[in-house]
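The residues making up each chain are set out below.
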2 protein chains.
Amino acid sequence: MIQNLTEHQREGLQEALAHGGQKVTAQREVVYSVLLAKRDHPTVDEVFQRARESMPGLSLATVYNCLETFVGCGLVRQVNHERESTRYCPNLAPHAHFRDDSTGRVHDIELPANVLQTLRSILPAGFETDSIEISFHGHTKNKTSRHSN
Amino acid sequence: MIQNLTEHQREGLQEALAHGGQKVTAQREVVYSVLLAKRDHPTVDEVFQRARESMPGLSLATVYNCLETFVGCGLVRQVNHERESTRYCPNLAPHAHFRDDSTGRVHDIELPANVLQTLRSILPAGFETDSIEISFHGHTKNKTSRHSN
DNA sequence: GTTGGTGTTTAGAATGATTCAAAATCTGAC
DNA sequence: GTCAGATTTTGAATCATTCTAAACACCAAC
Ligand SMILES: [Mn+2]
Ligand SMILES: [Mn+2]
Ligand SMILES: [Zn+2]
Ligand SMILES: [Zn+2]
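K.L.:
How should the overall build of chain A be read in this particular structure?
P.N.:
Helix and strand content of chain A: five helices and five strands. Written out in order from the N terminus, the α and β elements of chain A read α-α-α-α-β-β-β-β-α-β. The buried share of chain A, taken over its 149 residues, is 40%. For chain A, long-range pairs separated by at least 24 residues make up 49% of all intrachain contacts whose partners lie at least 6 apart in sequence. Looking at chain A as shown, the accessible area adds up to about 8,300 Å², and 46% of this sits on carbon and sulfur atoms.

K.L.:
Sorry, what's going on with helix α4 (residues 60-73) of chain B here?
P.N.:
With 14 residues, α4(B) should cover 20 Å at 1.5 Å per step; its first-to-last C-alpha distance of 20 Å lies within 8% of that length. Summarising the contacts, the buried residues of α4(B) are in contact with α1 (7-18), α2 (26-37), α3 (44-54) and β2 (87-89) of chain B.

K.L.:
What is the right way to look at the coordination of the zinc ion (ligand 4) in this model?
P.N.:
By definition of the ideal shapes, four donors in a tetrahedron about a metal sit 109.5 degrees apart, and six donors in an octahedron sit 90 or 180 degrees apart. Residue and element names in this part refer to chain B. The protein atoms that coordinate the zinc ion (ligand 4) are His 41 (NE2), Cys 89 (SG), His 95 (NE2), His 97 (NE2) and Asp 108 (OD), at distances of 2.1 to 2.3 Å. Read in sequence order, the donor residues coordinating the zinc ion (ligand 4) give the pattern H-x47-C-x5-H-x1-H-x10-D. Note that His 41 is positioned in the loop between α2 and α3 and Asp 108 in strand β4 (residues 106-110), a separation of 67 residues in sequence. For His 41, a relative accessible area of 2% gives the class buried.

K.L.:
For this particular structure, what's the right way to read the pairing of strand β5 (residues 127-140) of chain B?
P.N.:
Both faces of the sheet carry side chains from a regular strand, because those side chains alternate between them. Across 13 bridges, strand β5 (residues 127-140) of chain A lies against β5(B) in antiparallel orientation. Bridge pairing links Thr140(A) to Phe127(B) in β5(B). Alignment of strand β3 (residues 95-100) of chain B against β5(B), held across four bridges, turns out to be parallel. Across the sheet, the residue bridging to His97(B) is Ser135(B), located in β5(B).

K.L.:
In this structure, what is going on with the protein's contact with DNA strand C? I would like to understand it.
P.N.:
Around DNA strand C lies a shell of 17 residues, among which Tyr64(A), Thr86(A), Thr25(B), Arg28(B) and Thr62(B) are the nearest. Sugar and phosphate atoms form 82% of the subset of DNA strand C atoms that lie within 4 Å of the protein. Here Tyr64(A) contributes a side-chain N or O atom positioned 2.8 Å from a phosphate oxygen of DNA strand C. Within the backbone of Gly57(B), one N or O atom sits 3.4 Å away from a phosphate oxygen of DNA strand C. Looking at the surface near DNA strand C, the elements with two or more residues in it are α2 and α4 of chain B. The greatest single-element share of the surface near DNA strand C, amounting to three residues, is contributed by α4(B). Class assignment of the residues belonging to the surface near DNA strand C gives a composition of four nonpolar, nine polar and four charged.

Thresholds applied
- Residues numbered from 1 in each chain as written.
- Chains lettered and ligands numbered in written order.
- Predicted model: local features only at pLDDT ≥ 70, side-chain atom pairs only at ≥ 80, totals over all residues.
- Heavy atoms only, no water.
- Helix = DSSP H or I, 4+ residues; strand = E, 2+ residues; numbered from the N terminus.
- Buried < 20%, exposed > 50% of the residue type's maximum accessible area, 1.4 Å probe, protein only.
- Contact = heavy atoms within 4.5 Å.
- Areas by Shrake-Rupley, 256 points an atom, 1.4 Å probe, with all protein chains shown as cover.
- Expected span 1.5 Å × (residues − 1).
- Donors = N, O, S within 2.8 Å, 3.2 Å for Na, K, Ca; no water.
- Pairing = 2+ DSSP bridges.
- Near = heavy atom within 4 Å.
- Polar contact = N/O pair within 3.5 Å; in protein donor to acceptor, adjacent residues only side chain to side chain.
- Nonpolar A, V, L, I, M, F, W, Y, C, P; charged D, E, K, R; others polar.

The structure is reproduced here in structure tokens:
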């Protein structure tokens, strides 16, 4: 069961879409709320399954369309690991991803500004960066594994 | 035109394959020499085209097989950028990749040990890393763009 | 030097995530 | 209410990769 967007979230959506001359639609609201509701980096198909619970007529193509629109707006990031299905992440803070090879789960890893700066510094002159992606692979010793969802 | 492997390179190949109980074959030699000859991170298809110049009967499936074998041996790395075709890299030193969005070219970026260490340090307790991938996106101001190939 | 087993290569079919194309639907301005 | 433009829907197309089964190469044993 997906809760609706808060007024604040809806405004964020509306504002981001407006930048590209696009509008809030019922489908976009549902898809965005799915992403916000459970931040486990779902695949397109997982988003589709979850979104259909609140909007049964929704089509897979529309989920692809919405997600592409959000990425274009900068509202959402794509997360790729090797050749697996693309996953989606609404966390706009700079962060890296850790993919647990035993569970398949993807975790956000906070990325301090100074680390980002260090990374940029390894580029030779003439390389102008638009974005940096960092992904870790491994497994988690889940002793005190706290984290909701 | 692909030159043959040096004796040293052939030994590296043989030694790496031996670890998994596998043998050097004519096809594996050709595919590996293609990777060493032009280190521009070719896709499977590009490897295929180049390899066929010295071995016309070679099949695409074999190129996939060889590359997978090399990756399994640790002889070669896979390089993924977004959803594009996988590329292959025989550079075994720790390095990041920079993908020039205007040319599509992928460059190696040397990765100093201390930077790698800094990166590992951002992981919370309980996260055990097997590998880290770093990819930059952007474009290159090609003023004094030197670099053979 | 023939034979049999094992790993490798080959050709082609199958898969599956993603993209595309075209018709149907919605929306908001006039 | 009508129209134009944007969005959504359905189903087909794409295309990199994987799978399957048959042919082949290699080598050790006879
Ligand atoms: Mn703004
Ligand atoms: Mn060894
Ligand atoms: Zn994330
Ligand atoms: Zn490389």
